[in-house]
Amino acid sequence: MIGDVIGQSLRQPDRLIPVETLLGNCDGSRMPEIVADRLTPAIAQRLVEVCPTAALGMEEREGQSCLRLSYGECIGCGKCIEFGEGAAVTAKQFTRCGVPKEQTVRRWDIEGRTEITLSAPSPEAARMQIHSLLQRALNIRQLDSGSCNGCEAEITALTNPYYDLERFGIHFVASPKHADMLLVTGPVTRNMAEAVKAAYEAVPAPKLVVAVGACGCSGGIFAGSHAIVGAVDAVIPVDGYIPGCPPTPAMFVTGILEVLQRRIAK
Amino acid sequence: MKENLPTAVPHSERTPLGTMPTIPRTKEGARARLVTIFGSLSPTREKRVHYIFDIGNPDYREIVLPADGPLGSITPEVPAAVWYERELHDQYGIEIVGHPDLRPLLFHDNWPDGVYPMMDPVDDVPWSKREYRFLQVQGEGIAEVAVGPVHAGVIEPGHFRFSVVGDTVLHLELRHFYTHKGTEKLFEGRQFVNGAMLAESVSGDNCFAHAVCYSQAVENACEINAPPRAAAIRLVALELERLVCHISDVGGLCTDVGFGVPAAYAARLKESLLRESAQCCGTRYWRGIAVPGGLRLDLDSGKVAQLAQVVARAHREFSEVARLILETPSIQNRFETAGILSQEAARDLAAVGPVARASGIDLDARRDHPYGRYRQHQIEVPVTHYGDVMARAKIRIAEAAISAQLIQEAAGSLPDGSVFTPLAAPGDIQGFSAVESPRGELCYWMEARGGRLTRCHIKSPSFQNWPVMPVAVAGNIIADFPLINKSFNLSYSGCDR
């Protein structure tokens with residue numbers, strides 16, 4: 001009976017995770033972090049070889065050879081962690097969610113064993129903005145442009161009692177016409193390209209677009225397929241990127257709040 | 001070791017339509033169930049077509065026909081072949097004579113005629129504009145309702161074309177493959193380990209079943225077995241995936257009838273299992289764990305035992321709330337008699353998984369074609385014959401209980417030892433494997449030369465079950481469609497690949 005179901009539910013403990021705990025959390029995503037001290041040319045070469053996508057690569061910058069890690073292309077397979085002899089570890093914190101594309105890439109000087117730039121937003125800065133963010137509503141339309149449904153599964157989790165995105169005034173809506181933000185998952189397939197453009201057109205200005213997952217950010221493991229057009233930004237303009245394969249719910253919260261914060265700061 | 005491998009018996013007949021396979025019979029004399037049909041190229045690039053049938057415990061049978069000339073369609077005799085033959089035509093340009101409907105399946109209006117991705121170079125395929133005709137249902141008072149590809153909700157894309165009279169659906173036509181990513185082609189040239197990563201991205205919520213099935217196909221081809229410890233951990237994770245999927249589905253059914261409280265309850269239980277999975281293996285959906293040869297990393301037995309405890313608790317709560325849900329009169333009112341799939345239709349279209357079992361078809365690869373650690377467990381297979389939304393919900397609830405039980409058994413007796421057997425560098429090899437994924441029988445067939453894949457075919461249960469769903473929808477009111485669709489719980493990406 002309905003009363004029994006509700007009664008049973010009310011007896012359950014509260015599971016809501018405080019937002020401070022969620023921001024920057026990436027448990028369960030296996031996003032890698034480079035330990036600069038452990039880098040050698042041989043290890044860097046090994047990392048590049050084992051990477052199944054082009055997330056890890058070598059670059060020449062001002063005569064220095066450096067290691068490039070593009071999180072937008074990383075599928076979190078963990079091979080660099082497995083074979084990197086300690087030079088790659090599972091990240092404890094990951095804040096490059098919802099950031100512009102250039103910030104999804106990090107570079108390390110291999111000889112000098114140092115990171116070349118450090119431009120990630122600090123979780124502290126994001127935290128300071130939360131109060132102002134919470135006063136605003138945001139309507140999101142999720143758009144699958146060809147995803148494997150891994151990202152959908154995690155987006156669905158955002159409304160469960162652990163994450164409860166509604167507490168921030170953020171709702172998922174049924175039509176692009178009701179949306180402030182498009183959350184686009186998957187590489188854009190040939191067969192979806194037209195529908196993605198049409199959905200984008202239907203969103204009222206200002207249109208916020210967030211590309212989600214390795215596929216949305218870069219094409220991920222499907223990059224180069226004859227049946228896809230490319231990453232989301234090959235078809236429509238993108239404001240922020242949330243890497244991961246799939247991103248965890250905490251990474252989505254971090255990313256969505258980051259995009260909002262940058263929009264407000266503008 | 002190779003008991004799951006199909007035996008290649010070239011059975012064929014020449015007919016006025018072209019070469020056709022002789023449909024094998026089961027031991028009881030019935031027509032064998034079609035498992036999959038796919039094409040491949042011989043080392044000298046001659047086209048071949050593989051037909052795989054289930055001839056009963058424990059064997060599958062493979063029939064391979066040369067296909068450089070036209071083939072006779074088996075769809076008129078075996079309706080379940082309908083999409084497979086269209087796919088063959090799209091991928092290889094094989095002429096299928098006598099097929100009732102050879103419209104393009106994988107590629108939409110933008111794809112040029114005469115370009116076959118498994119045969120031709122596809123680096124720069126031009127954009128085209130060709131016509132696609134939906135079936136027209138004509139008559140007084142008939143209206144068409146077009147839905148999708150972009151749907152309301154967090155869901156994958158696909159197009160549904162309803163022909164309705166008032167509220168009642170006369171006919172539903174599907175147009176899918178919006179998420180077609182050319183995955184089978186992407187396997188070509190990959191090393192075995194990287195193939196597992198691609199398999200995980202075929203259907204993200206069933207990624208572990210895909211990784212295990214692919215890995216077993218490679219292991220069968222190399223004639224090795226994953227070590228017992230790896231096989232046991234695979235069983236735990238496969239059953240966990242099923243449990244998560246079924247809990248989520250029952251919650252989804254409640255959402256679709258506006259019963260939000262148990263839906264949130266189910267979402268909470270699901271999340272508790274995903275979080276514990278991340279604690280146990282590092283990823284929420286067990287990505288990056290299974291590879292050909294076993295597992296990428298060994299898991300701590302203590303953490304597996306802890307996972308089993310969380311499973312036991314989650315399942316206890318789930319079974320209690322599921323009982324309360326099914327006792328709710330408004331739920332009974334919506335679930336019962338909605339979307340009835342007859343046993344005959346399910347058999348003709350070779351439905352698999354919970355959908356088949358809810359329509360009286362007693363079928364489960366874990367029991368009928370046991371693999372890995374399942375050889376050491378008795379698998380109970382719940383079957384009911386009503387075929388409505390309620391039957392599918394009850395099958396899922398019953399299966400969730402069996403999965404929870406299997407997890408306890410397997411986690412309580414994890415063997416010691418390594419979790420990885422290295423694969424010998426092989427020459428030309430072929431392998432096949434079937435796994436009972438949460439959505440039903442999933443199969444991988446692979447071929448490799450010199451340690452690199454040359455072909456990998458994925459038979460996903462959703463590809464098989466999507467053409468079944470419209471049969472169950474016809475005659476229902478259109479407002480019940482989301483509920484019926486949810487009760488089938490099919491993966492768009494798994495189907496479209």
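A. Fine view of the overall build of chain B. When helices and strands are tallied, chain B shows 16 helices and 16 strands. A compact globule built from 497 residues would reach a C-alpha radius of gyration of about 23 Å, and chain B, at 22 Å, matches this within 12%. Expressed as a percentage of its 497 residues, the buried residues of chain B come to 56%. The long-range share in chain B, meaning contacts at least 24 apart out of those at least 6 apart in sequence, stands at 68%.

B. Quick look at the packing of helix α7 (residues 301-326) of chain B against helix α12 (residues 389-412) of chain B. All names here are of chain B. Two elements in contact, α7 and α12, have axes separated by 9 Å at closest approach and are oriented at 160°. Judged by the inter-axis angle, α7 sits roughly antiparallel to α12. Relative to α12, α7 is oriented so that their crossing is left-handed. Every residue of α12 that contacts α7 at Val304, Ala305, Leu307, Ala308, Val311, Ala312, His315, Phe318, Ser319 and Ala322 is listed here: Ile397, Ala400, Ala401, Ala404, Ile407, Gln408 and Ala411. A per-class count over the contact of α7 with α12 returns 14 nonpolar, three polar and no charged.

C. Broad picture of the interface of chain B and chain A. Across the boundary between the two partners, chain B contributes 53 residues, which contact 52 residues of chain A. Mapped onto the side of chain B that touches chain A, the elements with two or more residues apiece are α2 (183-186), α3 (192-200), α6 (260-281) and α7 of chain B. With eight residues, the single largest contributor to the side of chain B that touches chain A is α6 of chain B. Taken together, the residues that form the side of chain B that touches chain A break down as 27 nonpolar, 16 polar and ten charged.

D. Region of interest: the sheet that holds strand β6 (residues 114-115) of chain A. All names here are of chain A. Spatially, four strands are ordered β2-β3-β5-β6 in an open sheet, and the strand pairing comes out antiparallel. Each end of this open sheet is capped by a strand with a single partner; those strands are β2 (56-61) and β6. Pairing geometry for strand β3 (residues 64-70) and strand β5 (residues 105-109), over five bridges, is antiparallel. Bridged to Arg68 within β5 is Arg107. Taken strand by strand, helix α3 (residues 41-50) contacts β2 and β3, and its axis lies near 130° from that of β2.

E. Looking closely at the pairing of strand β11 (residues 208-212) of chain A. All names here are of chain A. The buried fraction of β11 is high, at five of five residues. Burial of β11 is two-sided: the residues Leu208, Val210 and Val212 facing one way and the residues Val209 and Ala211 facing the other way are all buried. Both strand β9 (residues 181-185) and β11 contribute to a ladder of five bridges, which runs parallel. The residue bridging Leu183 from the neighbouring strand is Val210, located in β11.

F. Representation of the pairing of β2 of chain A in the model. Residues and elements named next belong to chain A. The sheet contact formed by β2 and β3 spans six bridges and is antiparallel. When the sheet's bridge partners are listed, Glu59 is paired in β3 with Cys66. Taking the residues between adjacent antiparallel strands as the criterion, β2 and β3 are bridged by two residues, where Glu62 takes a positive phi near 50°.

G. Inspection of helix α6 (residues 150-157) of chain A at higher detail. Counted residue by residue, α6 of chain A has eight buried out of eight residues, so it is predominantly covered. Residues of α6 of chain A that are buried include every one of Gly150, Cys151, Glu152, Ala153, Glu154, Ile155, Thr156 and Ala157 of chain A, and no others.

H. The packing of helix α5 (residues 228-256) of chain B against α6 of chain B, seen in detail. Residues and elements named next belong to chain B. At a minimum axis separation of 7 Å, α5 and α6 run at an interaxial angle of 160°. By the angle between their axes, α5 is roughly antiparallel relative to α6. Judged by the twist between their axes, the crossing of α5 over α6 is left-handed. On the side of α5, the interface is formed by Leu240, Leu243, Val244, Ile247, Ser248, Val250, Gly251, Cys254 and Thr255, while α6 contributes Gly260, Pro262, Ala263, Ala266, Ala267, Leu269, Lys270, Leu273, Leu274 and Ser277. Across the contact of α5 with α6, the residue classes tally to 13 nonpolar, five polar and one charged.

I. Summary view of helix α1 (residues 82-92) of chain B. Within α1 of chain B, ten of the eleven residues are buried, which leaves it mostly tucked inside the rest of the structure. Tucked inside the fold, the buried residues of α1 of chain B contact β4 (33-41), β5 (47-54), β8 (96-97) and α13 (461-465) of chain B.

Procedures and definitions
- Sequence order as written defines residue numbering, which begins from 1 separately in each chain.
- The lettering of chains begins at A and the numbering of ligands begins at 1, in the order of writing.
- Two thresholds apply to this predicted model, a pLDDT of at least 70 for residue-level local features and 80 or more for giving and counting side-chain atom pairs, whereas whole-chain, interface and lining totals are computed over all residues.
- Labels follow the DSSP assignment, with helices taken as runs of H or I lasting at least four residues and strands as runs of E lasting at least two, numbered in each case from the N terminus.
- Each radius of gyration is computed over the set of C-alpha atoms, and the globule rule expresses the reference value as 2.2 Å times the number of residues to the power 0.38.
- Exposure classes come from backbone-placed C-beta atoms, where a residue is buried if 20 or more other C-beta atoms lie within 10 Å of its own, exposed if 12 or fewer do, and partly exposed in between.
- Working definition of a contact: two residues with C-beta atoms, positioned from the backbone, lying within 7 Å.
- Between N-to-C directions, angles span 0 to 180 degrees; the directions come from axes that are lines fitted to C-alpha atoms, helices contributing only their stretch in contact.
- Roughly parallel here means an angle under 35 degrees, roughly antiparallel means over 145, roughly perpendicular means 65 to 115, and every remaining angle is called oblique.
- Helix crossings fall into two classes, left-handed where the near helix is turned counterclockwise from the far one by less than a right angle and right-handed where it is turned clockwise.
- Residues are grouped as follows: Ala, Val, Leu, Ile, Met, Phe, Trp, Tyr, Cys and Pro are nonpolar; Asp, Glu, Lys and Arg are charged; all remaining types, including Gly, are polar.
- Here, any two strands with at least 2 DSSP bridges between them count as paired.

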